[in-house]
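Inside the fold
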Amino acid sequence: MIEFIIEKLHDTRLLTMLFAAVAAGATVITLAMPLLAGDNLSKRMKSVALEREKLRQRERERMTRGEISLRASPKQYMQNAVERFNLRKWVGQEEAREKLLQAGYRGEAPYVAYLFFRMVTPLVSLLAAAFYLFIVLQVDWPLLMKLAVCIFAAYAGMHLPWMFLKNKIQRRQQSIRRAFPDALDLLLICVESGMSIEAAFKRVSQEIGSQSVPLAEELTLTNAELSYLPDRRQAYDNLAKRTDLEGVKSVCVALQQAERYGTPLAQTLRVLAQENRDMRMSEAEKKAAALPPKLTVPMILFFLPVLFVVILGPAAIRVMSLD
(Lines give C-alpha, C1' and ligand atoms only; values in the text may rest on other atoms or scores of the structure.)
Protein backbone atom coordinates (compact mmCIF):
# COMPACT_ATOMS: atom_id res chain seq x y z
CA MET A 1 0.00 0.00 0.00
CA ILE A 2 2.83 2.37 0.87
CA GLU A 3 4.65 1.53 -2.37
CA PHE A 4 1.47 2.26 -4.33
CA ILE A 5 1.12 5.67 -2.62
CA ILE A 6 4.77 6.50 -3.28
CA GLU A 7 4.40 5.49 -6.92
CA LYS A 8 1.35 7.72 -7.32
CA LEU A 9 3.14 10.65 -5.66
CA HIS A 10 5.88 10.36 -8.27
CA ASP A 11 3.39 10.23 -11.14
CA THR A 12 3.75 13.56 -12.99
CA ARG A 13 0.41 13.29 -14.75
CA LEU A 14 -1.45 12.60 -11.50
CA LEU A 15 0.24 15.49 -9.73
CA THR A 16 -0.60 17.81 -12.60
CA MET A 17 -4.23 16.76 -12.45
CA LEU A 18 -4.31 17.27 -8.66
CA PHE A 19 -2.77 20.74 -8.89
CA ALA A 20 -5.19 21.69 -11.67
CA ALA A 21 -8.12 20.47 -9.56
CA VAL A 22 -6.89 22.45 -6.55
CA ALA A 23 -6.47 25.57 -8.68
CA ALA A 24 -9.94 25.18 -10.19
CA GLY A 25 -11.48 24.62 -6.76
CA ALA A 26 -9.70 27.66 -5.34
CA THR A 27 -10.98 29.77 -8.24
CA VAL A 28 -14.55 28.61 -7.69
CA ILE A 29 -14.31 29.24 -3.94
CA THR A 30 -12.84 32.71 -4.52
CA LEU A 31 -15.65 33.65 -6.90
CA ALA A 32 -18.36 32.18 -4.68
CA MET A 33 -17.03 33.55 -1.37
CA PRO A 34 -18.80 36.95 -1.59
CA LEU A 35 -22.09 35.18 -2.29
CA LEU A 36 -21.71 32.77 0.62
CA ALA A 37 -20.45 35.31 3.17
CA GLY A 38 -22.86 35.93 5.99
CA ASP A 39 -23.67 39.09 7.90
CA ASN A 40 -20.50 39.27 9.95
CA LEU A 41 -21.27 42.72 11.30
CA SER A 42 -24.54 41.72 12.95
CA LYS A 43 -22.94 38.65 14.52
CA ARG A 44 -20.04 40.61 15.98
CA MET A 45 -22.27 43.41 17.23
CA LYS A 46 -24.56 40.83 18.82
CA SER A 47 -21.60 39.27 20.63
CA VAL A 48 -20.55 42.72 21.84
CA ALA A 49 -24.07 43.37 23.11
CA LEU A 50 -23.96 40.09 25.00
CA GLU A 51 -20.60 41.11 26.45
CA ARG A 52 -22.10 44.34 27.70
CA GLU A 53 -24.97 42.47 29.33
CA LYS A 54 -22.44 40.25 31.05
CA LEU A 55 -20.59 43.29 32.33
CA ARG A 56 -23.84 44.69 33.72
CA GLN A 57 -24.59 41.38 35.38
CA ARG A 58 -21.11 41.24 36.89
CA GLU A 59 -21.51 44.65 38.52
CA ARG A 60 -24.88 43.72 39.94
CA GLU A 61 -23.62 40.42 41.30
CA ARG A 62 -20.47 42.02 42.70
CA MET A 63 -22.52 44.36 44.85
CA THR A 64 -24.52 41.47 46.30
CA ARG A 65 -22.56 38.21 46.26
CA GLY A 66 -19.14 39.00 44.79
CA GLU A 67 -17.37 38.35 41.53
CA ILE A 68 -18.86 36.02 38.91
CA SER A 69 -17.39 34.37 35.84
CA LEU A 70 -17.92 36.30 32.61
CA ARG A 71 -16.08 34.25 30.06
CA ALA A 72 -17.01 31.03 28.40
CA SER A 73 -15.17 28.05 29.80
CA PRO A 74 -12.56 26.45 27.53
CA LYS A 75 -12.89 23.04 25.93
CA GLN A 76 -12.61 20.31 28.51
CA TYR A 77 -9.96 18.27 26.69
CA MET A 78 -7.86 21.40 26.13
CA GLN A 79 -8.20 22.39 29.77
CA ASN A 80 -7.20 18.90 30.89
CA ALA A 81 -4.15 18.87 28.60
CA VAL A 82 -3.01 22.30 29.77
CA GLU A 83 -3.36 21.36 33.44
CA ARG A 84 -1.87 17.87 33.08
CA PHE A 85 1.29 19.03 31.29
CA ASN A 86 1.49 22.34 33.21
CA LEU A 87 1.64 24.31 29.98
CA ARG A 88 1.02 27.62 31.73
CA LYS A 89 4.50 27.32 33.22
CA TRP A 90 6.40 25.90 30.22
CA VAL A 91 4.88 27.58 27.16
CA GLY A 92 2.69 30.27 28.74
CA GLN A 93 3.44 33.90 27.96
CA GLU A 94 1.97 36.94 29.65
CA GLU A 95 2.47 38.81 26.39
CA ALA A 96 0.18 36.27 24.71
CA ARG A 97 -2.79 37.43 26.77
CA GLU A 98 -2.37 40.98 25.53
CA LYS A 99 -1.86 39.79 21.96
CA LEU A 100 -5.02 37.69 22.16
CA LEU A 101 -6.95 40.79 23.19
CA GLN A 102 -5.47 42.70 20.27
CA ALA A 103 -6.54 39.89 17.94
CA GLY A 104 -10.11 40.04 19.28
CA TYR A 105 -9.97 36.90 21.46
CA ARG A 106 -11.11 37.56 25.02
CA GLY A 107 -11.34 35.40 28.09
CA GLU A 108 -9.65 32.28 29.37
CA ALA A 109 -10.82 29.94 26.60
CA PRO A 110 -8.68 31.49 23.82
CA TYR A 111 -5.62 31.49 26.09
CA VAL A 112 -6.09 27.79 26.92
CA ALA A 113 -6.57 27.02 23.21
CA TYR A 114 -3.39 28.97 22.40
CA LEU A 115 -1.38 26.95 24.94
CA PHE A 116 -2.91 23.70 23.69
CA PHE A 117 -2.01 24.39 20.06
CA ARG A 118 1.49 25.45 21.05
CA MET A 119 1.89 21.91 22.40
CA VAL A 120 0.12 20.11 19.53
CA THR A 121 1.50 21.86 16.45
CA PRO A 122 5.18 20.92 17.10
CA LEU A 123 4.22 17.25 17.45
CA VAL A 124 2.12 17.34 14.28
CA SER A 125 4.90 19.10 12.35
CA LEU A 126 7.49 16.63 13.61
CA LEU A 127 5.40 13.59 12.63
CA ALA A 128 4.52 15.08 9.23
CA ALA A 129 8.18 15.86 8.45
CA ALA A 130 9.31 12.39 9.58
CA PHE A 131 6.61 10.66 7.50
CA TYR A 132 7.49 12.71 4.42
CA LEU A 133 11.25 12.24 4.72
CA PHE A 134 11.47 8.61 5.83
CA ILE A 135 8.47 7.07 4.01
CA VAL A 136 7.30 9.21 1.09
CA LEU A 137 10.52 10.68 -0.33
CA GLN A 138 13.10 8.20 0.99
CA VAL A 139 15.87 10.62 0.08
CA ASP A 140 19.47 9.51 0.36
CA TRP A 141 20.40 11.93 3.15
CA PRO A 142 22.42 11.23 6.27
CA LEU A 143 20.36 10.36 9.32
CA LEU A 144 21.57 13.43 11.20
CA MET A 145 20.37 15.70 8.40
CA LYS A 146 16.93 14.10 8.41
CA LEU A 147 16.72 14.47 12.19
CA ALA A 148 17.77 18.11 11.89
CA VAL A 149 15.00 18.76 9.36
CA CYS A 150 12.46 17.10 11.67
CA ILE A 151 13.64 19.19 14.63
CA PHE A 152 13.43 22.35 12.56
CA ALA A 153 9.88 21.41 11.52
CA ALA A 154 8.94 20.95 15.18
CA TYR A 155 10.47 24.33 16.05
CA ALA A 156 8.55 25.99 13.22
CA GLY A 157 5.37 24.25 14.34
CA MET A 158 5.77 25.67 17.83
CA HIS A 159 5.75 29.18 16.37
CA LEU A 160 2.77 28.61 14.08
CA PRO A 161 0.16 29.73 16.68
CA TRP A 162 2.16 32.88 17.35
CA MET A 163 2.42 33.61 13.62
CA PHE A 164 -1.32 33.07 13.21
CA LEU A 165 -1.93 35.47 16.09
CA LYS A 166 0.34 38.14 14.61
CA ASN A 167 -1.37 37.84 11.23
CA LYS A 168 -4.77 38.21 12.90
CA ILE A 169 -3.57 41.30 14.79
CA GLN A 170 -2.18 42.91 11.64
CA ARG A 171 -5.42 42.44 9.71
CA ARG A 172 -7.46 43.75 12.63
CA GLN A 173 -5.19 46.78 13.07
CA GLN A 174 -5.32 47.51 9.35
CA SER A 175 -9.11 47.54 9.44
CA ILE A 176 -9.14 49.85 12.48
CA ARG A 177 -6.47 52.13 11.03
CA ARG A 178 -8.38 52.66 7.81
CA ALA A 179 -11.69 53.49 9.50
CA PHE A 180 -10.40 55.41 12.52
CA PRO A 181 -10.17 58.89 10.87
CA ASP A 182 -13.80 58.62 9.78
CA ALA A 183 -14.74 57.48 13.28
CA LEU A 184 -12.99 60.54 14.72
CA ASP A 185 -14.95 62.82 12.38
CA LEU A 186 -18.19 61.21 13.54
CA LEU A 187 -17.09 61.46 17.16
CA LEU A 188 -16.30 65.15 16.68
CA ILE A 189 -19.74 65.79 15.21
CA CYS A 190 -21.40 63.98 18.10
CA VAL A 191 -19.39 65.85 20.73
CA GLU A 192 -20.04 69.24 19.13
CA SER A 193 -23.75 68.46 18.96
CA GLY A 194 -23.84 68.15 22.76
CA MET A 195 -23.75 64.38 23.22
CA SER A 196 -21.96 62.83 26.15
CA ILE A 197 -18.91 60.75 25.41
CA GLU A 198 -20.82 57.51 26.13
CA ALA A 199 -23.62 58.43 23.73
CA ALA A 200 -21.04 59.54 21.15
CA PHE A 201 -19.19 56.22 21.35
CA LYS A 202 -22.44 54.31 21.03
CA ARG A 203 -23.55 56.31 18.00
CA VAL A 204 -20.17 56.09 16.27
CA SER A 205 -19.99 52.33 16.84
CA GLN A 206 -23.35 51.93 15.12
CA GLU A 207 -22.35 54.05 12.14
CA ILE A 208 -18.79 52.81 11.63
CA GLY A 209 -19.71 49.12 11.75
CA SER A 210 -20.35 48.94 8.02
CA GLN A 211 -16.77 50.10 7.39
CA SER A 212 -14.87 48.30 10.16
CA VAL A 213 -16.41 45.65 12.38
CA PRO A 214 -13.39 45.45 14.75
CA LEU A 215 -13.48 49.21 15.38
CA ALA A 216 -17.22 49.11 16.07
CA GLU A 217 -16.65 46.26 18.48
CA GLU A 218 -13.88 48.09 20.35
CA LEU A 219 -15.91 51.29 20.63
CA THR A 220 -18.90 49.37 21.96
CA LEU A 221 -16.76 47.64 24.57
CA THR A 222 -15.25 50.98 25.57
CA ASN A 223 -18.74 52.40 25.95
CA ALA A 224 -19.65 49.49 28.21
CA GLU A 225 -16.52 49.96 30.32
CA LEU A 226 -17.18 53.69 30.63
CA SER A 227 -20.56 52.85 32.10
CA TYR A 228 -19.40 50.31 34.67
CA LEU A 229 -15.72 50.73 35.53
CA PRO A 230 -15.06 52.78 38.69
CA ASP A 231 -12.21 54.66 36.98
CA ARG A 232 -13.26 55.92 33.55
CA ARG A 233 -9.66 56.49 32.51
CA GLN A 234 -9.09 52.73 32.73
CA ALA A 235 -11.56 52.26 29.88
CA TYR A 236 -9.42 54.46 27.63
CA ASP A 237 -6.28 52.58 28.69
CA ASN A 238 -7.96 49.30 27.81
CA LEU A 239 -8.94 50.65 24.38
CA ALA A 240 -5.35 51.72 23.70
CA LYS A 241 -4.00 48.31 24.77
CA ARG A 242 -6.53 46.36 22.72
CA THR A 243 -5.78 48.28 19.52
CA ASP A 244 -2.05 49.07 19.99
CA LEU A 245 -2.19 51.89 17.42
CA GLU A 246 -0.52 55.26 17.82
CA GLY A 247 -3.53 57.18 16.53
CA VAL A 248 -5.87 55.47 18.98
CA LYS A 249 -3.42 55.98 21.85
CA SER A 250 -3.20 59.72 21.21
CA VAL A 251 -7.00 60.00 21.21
CA CYS A 252 -7.20 58.01 24.44
CA VAL A 253 -4.65 60.34 26.07
CA ALA A 254 -6.70 63.35 24.95
CA LEU A 255 -9.86 61.82 26.38
CA GLN A 256 -8.10 61.05 29.66
CA GLN A 257 -6.90 64.66 29.92
CA ALA A 258 -10.44 65.85 29.26
CA GLU A 259 -11.71 63.58 32.02
CA ARG A 260 -9.05 64.78 34.46
CA TYR A 261 -8.71 68.51 33.70
CA GLY A 262 -11.99 69.30 31.94
CA THR A 263 -10.31 70.48 28.74
CA PRO A 264 -12.52 70.91 25.64
CA LEU A 265 -12.57 67.93 23.31
CA ALA A 266 -13.76 69.48 20.05
CA GLN A 267 -10.54 71.21 19.02
CA THR A 268 -8.39 68.28 20.12
CA LEU A 269 -10.51 65.78 18.19
CA ARG A 270 -10.42 68.01 15.11
CA VAL A 271 -6.61 68.13 15.14
CA LEU A 272 -6.30 64.39 15.80
CA ALA A 273 -8.77 63.59 13.01
CA GLN A 274 -6.71 65.65 10.57
CA GLU A 275 -3.50 63.95 11.68
CA ASN A 276 -5.02 60.49 11.24
CA ARG A 277 -6.30 61.41 7.77
CA ASP A 278 -2.82 62.62 6.84
CA MET A 279 -1.29 59.39 8.14
CA ARG A 280 -3.77 57.33 6.12
CA MET A 281 -2.99 59.35 2.98
CA SER A 282 0.77 59.05 3.48
CA GLU A 283 0.43 55.29 3.90
CA ALA A 284 -1.56 55.07 0.65
CA GLU A 285 1.06 57.18 -1.14
CA LYS A 286 3.82 54.96 0.22
CA LYS A 287 2.10 51.84 -1.12
CA ALA A 288 1.55 53.53 -4.49
CA ALA A 289 5.22 54.51 -4.69
CA ALA A 290 6.24 50.91 -3.97
CA LEU A 291 4.22 49.49 -6.88
CA PRO A 292 6.70 50.15 -9.77
CA PRO A 293 9.54 48.06 -8.24
CA LYS A 294 7.11 45.28 -7.40
CA LEU A 295 5.73 45.23 -10.95
CA THR A 296 9.15 44.99 -12.59
CA VAL A 297 9.56 41.22 -12.22
CA PRO A 298 5.98 40.34 -13.33
CA MET A 299 6.40 42.64 -16.33
CA ILE A 300 9.61 40.88 -17.36
CA LEU A 301 8.31 37.36 -16.78
CA PHE A 302 4.76 37.61 -18.14
CA PHE A 303 4.13 40.72 -20.24
CA LEU A 304 7.32 41.13 -22.26
CA PRO A 305 7.41 37.55 -23.71
CA VAL A 306 3.78 37.86 -24.80
CA LEU A 307 4.50 41.27 -26.30
CA PHE A 308 7.46 39.90 -28.27
CA VAL A 309 5.33 37.00 -29.53
CA VAL A 310 2.59 39.38 -30.69
CA ILE A 311 5.04 41.75 -32.41
CA LEU A 312 7.48 39.25 -33.91
CA GLY A 313 5.04 36.37 -34.44
CA PRO A 314 3.54 37.55 -37.78
CA ALA A 315 7.00 38.36 -39.18
CA ALA A 316 8.30 34.93 -38.17
CA ILE A 317 5.29 33.23 -39.78
CA ARG A 318 5.84 35.12 -43.05
CA VAL A 319 9.55 34.23 -43.08
CA MET A 320 8.74 30.57 -42.49
CA SER A 321 6.09 30.59 -45.25
CA LEU A 322 8.61 32.08 -47.74
CA ASP A 323 11.07 29.28 -47.02
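Attention here is on the structure that accompanies the text. (Residues numbered from 1 in each chain as written. Predicted model: local features only at pLDDT ≥ 70, side-chain atom pairs only at ≥ 80, totals over all residues. Heavy atoms only, no water.)

A separate point is the packing of helix 8 (residues 143-192) against helix 13 (residues 266-289). In the contact formed by helix 8 and helix 13, the axes pass within 9 Å of each other and the chain directions differ by 155°. Considering their axes alone, helix 8 and helix 13 lie roughly antiparallel with respect to each other. Two packed elements cross with a definite hand, and for helix 8 against helix 13 that hand is left-handed. On the side of helix 8, the interface is formed by Gln 174, Arg 177, Arg 178, Phe 180, Pro 181, Asp 182, Leu 184, Asp 185, Leu 187, Leu 188, Val 191 and Glu 192, while helix 13 contributes Ala 266, Leu 269, Arg 270, Leu 272, Ala 273, Asn 276, Arg 277, Arg 280, Glu 283 and Lys 287. A per-class count over the contact of helix 8 with helix 13 returns ten nonpolar, two polar and ten charged. (Axes fitted to C-alpha atoms, helices over the stretch in contact; angles between N-to-C directions. Helix = DSSP H or I, 4+ residues; strand = E, 2+ residues; numbered from the N terminus. Parallel < 35°, antiparallel > 145°, perpendicular 65-115°, else oblique. Left-handed = near helix turned anticlockwise from the far one by under 90°. Contact = heavy atoms within 4.5 Å. Nonpolar A, V, L, I, M, F, W, Y, C, P; charged D, E, K, R; others polar.)

For Leu 165, the location among the structural elements is in helix 8. Given the relative accessible area of 3%, Leu 165 is considered buried. With 60 residues separating them in the primary sequence, Leu 165 and Tyr 105 have C-alpha atoms 9.8 Å apart. Excluding anything up to four places from it in sequence, Leu 165 contacts Ala 96, Lys 99, Leu 100, Ala 103, Tyr 105 and Tyr 114. (Buried < 20%, exposed > 50% of the residue type's maximum accessible area, 1.4 Å probe, protein only.)

The interhelical angle for the contact between helix 8 and helix 10 (residues 213-228), taken along N-to-C directions, is 70°, at an axis separation of 7 Å. Here helix 8 is positioned roughly perpendicular relative to helix 10, judged by the angle of their axes. Within the contact between the two elements, helix 8 uses Arg 172, Ser 175, Ile 176, Ala 179, Phe 180 and Ala 183 and helix 10 uses Pro 214, Leu 215, Glu 217 and Glu 218. Taken together, the residues of the contact of helix 8 with helix 10 sort by class into six nonpolar, one polar and three charged.

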